[in-house]
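Observations on the model geometry
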Amino acid sequence: QVQLVESGGGLVQAGGSLRLSCATSGRTFSRNAMGWFRQAPGKEREFVAGITSSGGSTYYADSVKGRFTISRDNAKNTVYLQMNSLKPEDTAVYYCAAFGGILLSGVPSYWGQGTQVTVSA
């Protein structure tokens with residue numbers, strides 16, 4: 001069983017930055033691709049960013065390209081999401097997710113509980 005715990009959310013003004021962290025348990029972190037998703041009120045959950053198990057490849061939603069950066073530290077079993085130039089439309093609950101294999105394939109196998117990010121205008 002893999003447990004994911006997000007942290008780092010909060011309230012920030014537009015143009016500001018936040019860094020989300022996702023600490024994971026389990027012995028296979030280095031063999032799991034990881035992703036960040038978000039869900040705004042009244043909207044479906046959407047993909048934000050993903051990273052392969054080795055960290056060699058990253059992927060981003062068009063809406064966050066150039067502003068968000070996903071990274072991972074396999075020695076610490078942690079994945080990060082650096083969010084810069086935040087906009088009010090980035091307001092959402094952000095979820096960390098672990099995929100079943102080394103690539104971002106299919107749907108994630110495990111989810112965190114989510115952390116709220118609120119961006120004020």
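Residues numbered from 1 in each chain as written. Predicted model: local features only at pLDDT ≥ 70, side-chain atom pairs only at ≥ 80, totals over all residues. Heavy atoms only, no water.

What about unusual backbone geometry?
Glycine aside, negative phi is the norm for most residues, and most peptide bonds take the trans geometry. Despite not being glycine, Asn-77 has its phi angle at roughly 55°, a positive value. Positive phi, close to 50°, is recorded for Ser-85, a residue that is not glycine. Following the sequence through the fold, Ser-85 ends up in the loop between strand S8 (78-83) and strand S9 (92-98). A residue is classified by how much of its surface remains accessible, and Ser-85, at 40% relative accessible area, is partly exposed. (Helix = DSSP H or I, 4+ residues; strand = E, 2+ residues; numbered from the N terminus. Buried < 20%, exposed > 50% of the residue type's maximum accessible area, 1.4 Å probe, protein only.)

Here we look at the state of the cysteines
Evaluation of the coordinates by the stated rule reveals one disulfide. Through a disulfide, Cys-22 is tied to Cys-96; the S-S separation comes to 2.1 Å. Because the sign of the S-S torsion sets the handedness, a value of about -80° for the bond joining Cys-22 and Cys-96 places this disulfide among the left-handed ones. Here Cys-96 lies in strand S9 and Cys-22 lies in strand S3 (residues 18-24), a separation of 74 residues in the sequence. The exposure classification of Cys-22 matches that of Cys-96, with both residues buried. (Disulfide = S-S within 2.5 Å.)

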